[in-house]
Amino acid sequence: MRLILQSKALLAREPSLALLLAIEGAEREPGLLANKTLLEAMAEAPARELALDAEDVRSARYDPTGRRIATGHSDGAVRIWSSEDGALLKTMRGPKGAAENLRWILSTGEIVTWSEKAVHLWDAEAGKEIRSIPLEADWYVESAGKWGRRAVVWNPPQTLRFGAILNLEAGTLEHLLPKGRYYIDLQADGRLAIVGDRSGEQPGLQLRDLRTGETLHSWRAGSGATAKFTPDGKSL
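Residues numbered from 1 in each chain as written. Predicted model: local features only at pLDDT ≥ 70, side-chain atom pairs only at ≥ 80, totals over all residues. Heavy atoms only, no water.

Overview of the overall build of the chain
The number of helices and strands found in the chain is three helices and 16 strands. Within the chain, the proportion of its 236 residues that are buried is 45%. Intrachain contacts of the chain at a sequence separation of at least 6 include 37% that bridge at least 24 residues. For the chain, the accessible area works out to roughly 12300 Å², and carbon and sulfur atoms hold 50% of it. (Helix = DSSP H or I, 4+ residues; strand = E, 2+ residues; numbered from the N terminus. Buried < 20%, exposed > 50% of the residue type's maximum accessible area, 1.4 Å probe, protein only. Contact = heavy atoms within 4.5 Å. Areas by Shrake-Rupley, 256 points an atom, 1.4 Å probe, with all protein chains shown as cover.)

Notes on the sheet that holds strand E5 (residues 100–104)
A sheet is described by the order of its strands in space; here four strands give the open sequence E5-E6-E7-E8, paired in antiparallel fashion. Of all strands in the sheet, those bounded by a partner on one side alone are E5 and strand E8 (128–134). Looking at each pair of strands side by side, their axes are set apart by 20° on average, direction ignored. Note that E5 and strand E6 (residues 111–114) share three bridges and pair antiparallel. Counted as the bridge partner of Arg 103 is Val 112 from E6. (Pairing = 2+ DSSP bridges. Axes fitted to C-alpha atoms, helices over the stretch in contact; angles between N-to-C directions.)

Things to note about the packing of helix H1 (residues 2–10) against helix H3 (residues 32–44)
Across the interface, H1 lies against H3 with an axial gap of 10 Å and an inter-helix angle of 30°. By the criterion of interaxial angle, the relationship of H1 to H3 is roughly parallel. For the crossing formed where H1 meets H3, the hand is left-handed. In contact with Ile 4, Ser 7 and Lys 8 of H1, H3 contributes Leu 33, Ala 34, Thr 37, Glu 40 and Ala 41. Grouping the amino acids of the contact of H1 with H3 by side-chain chemistry returns four nonpolar, two polar and two charged. (Parallel < 35°, antiparallel > 145°, perpendicular 65-115°, else oblique. Left-handed = near helix turned anticlockwise from the far one by under 90°. Nonpolar A, V, L, I, M, F, W, Y, C, P; charged D, E, K, R; others polar.)

What to know about the pairing of strand E4 (residues 88–92)
Consecutive side chains along a regular strand alternate between the two faces of the sheet. Sheet topology places strand E3 (residues 78–82) next to E4; four bridges connect them, and they run antiparallel. The residue of E4 that forms the bridge with Arg 79 is Thr 91. The loop that links E3 with its antiparallel partner E4 comprises five residues; one of these, Gly 86, has a positive phi angle of about 80°.

Some points on H3
Along an α-helix, residues three or four apart share an orientation, since each turn contains 3.6 residues. Here H3 spans 19 Å end to end across 13 residues, near enough to the 18 Å set by a 1.5 Å rise per residue. All of the buried residues in H3 are Ala 34, Thr 37, Leu 38 and Ala 41. Here the buried residues of H3 occupy an arc of 100° about the axis, which is enough to place them on one side. Turned more than 90 degrees away from the buried face of H3, the exposed residues are Leu 32, Leu 39 and Ala 43. (Expected span 1.5 Å × (residues − 1). Arc of directions from axis to C-beta.)

Describing the nonpolar core
One finds Val 112, Val 119, Val 141, Leu 166 and Leu 168 to be the most contacted residues of the largest nonpolar core, which totals 13 residues. At the level of secondary structure, the elements contributing two or more residues to this core comprise E6, strand E7 (118–123), strand E10 (150–155) and strand E11 (161–167). Contacts of Leu 166, omitting those with residues within four sequence positions, involve Val 119, Ile 133, Arg 149, Arg 150, Ala 151, Val 153, Gly 171, Thr 172 and Leu 173. (Core = buried A, V, L, I, M, F, W, Y, C linked by side-chain atoms within 4.5 Å.)

Brief notes about the pairing of strand E15 (residues 205–209)
With burial as the criterion, only one face of E15 is covered, namely that bearing Leu 205, Leu 207 and Asp 209; the residues Gln 206 and Arg 208 on the opposite face remain uncovered. Both E15 and strand E16 (residues 215–219) contribute to a ladder of four bridges, which runs antiparallel. From the neighbouring strand, Gln 206 faces E16, where its bridge partner is Ser 218. Counting the residues between successive antiparallel strands, the hairpin from E15 to E16 contains five residues, one of them, Gly 213, with a positive phi of roughly 80°.

Notes on the environment of Pro 134
Structurally, Pro 134 can be placed in strand E8. For Pro 134, a relative accessible area of 65% corresponds to the exposed category. Along the sequence, Pro 134 and Thr 172 sit 38 residues apart, while their C-alpha atoms lie 9.3 Å from each other. For Pro 134, the residues in contact, after removing those within four places along its chain, are Lys 117 and Ala 118.

Written out as structure tokens, the structure is:
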């Protein structure tokens, strides 16, 4: 709710930042108020045109400040644009294959993409790829960047899939989950995770310590139950 209220307060003065807050707020706490705030912010935010071919773009995301946009392209390139005037700031060349599932890491300003059975980590300031993490299967990045250098990755098919947490510093998969349909949210510093089973086979939620793999607490809940950490990571 805090992000939604901040978006409303900034709408008149900083419409671009208000839009970013509204998007994040709608993802964290979906509901009628969040949807209404998002629509209001979209209506007020200034429109910009980027000089690119829409068919070539495979993914796009605002950076944490709302002042830049990163786009992933079918040739593996990642481009950084100014959201204020639409100018191209940087072009980063990577391996062959489309740069998909692009995500910003909020704490570092780095970028994560998926391409050709690998996850790629980019330095947006230096304009270069930091590392490529090969994966044996077609994992894809569902979310990243809210918990330090970790990402949540999935192996399709989506109806019955494997889930894992990818450590982007070590380049290793952690806490591999068996087949199922899972919900995962990570604490801001990447130490704790909430895991829920959406398949109905193991209903409930678990709080796990990612350093030890230990389950710290379990809650009984119906199939499809979800929970999220607050931005400070101190409560749910």
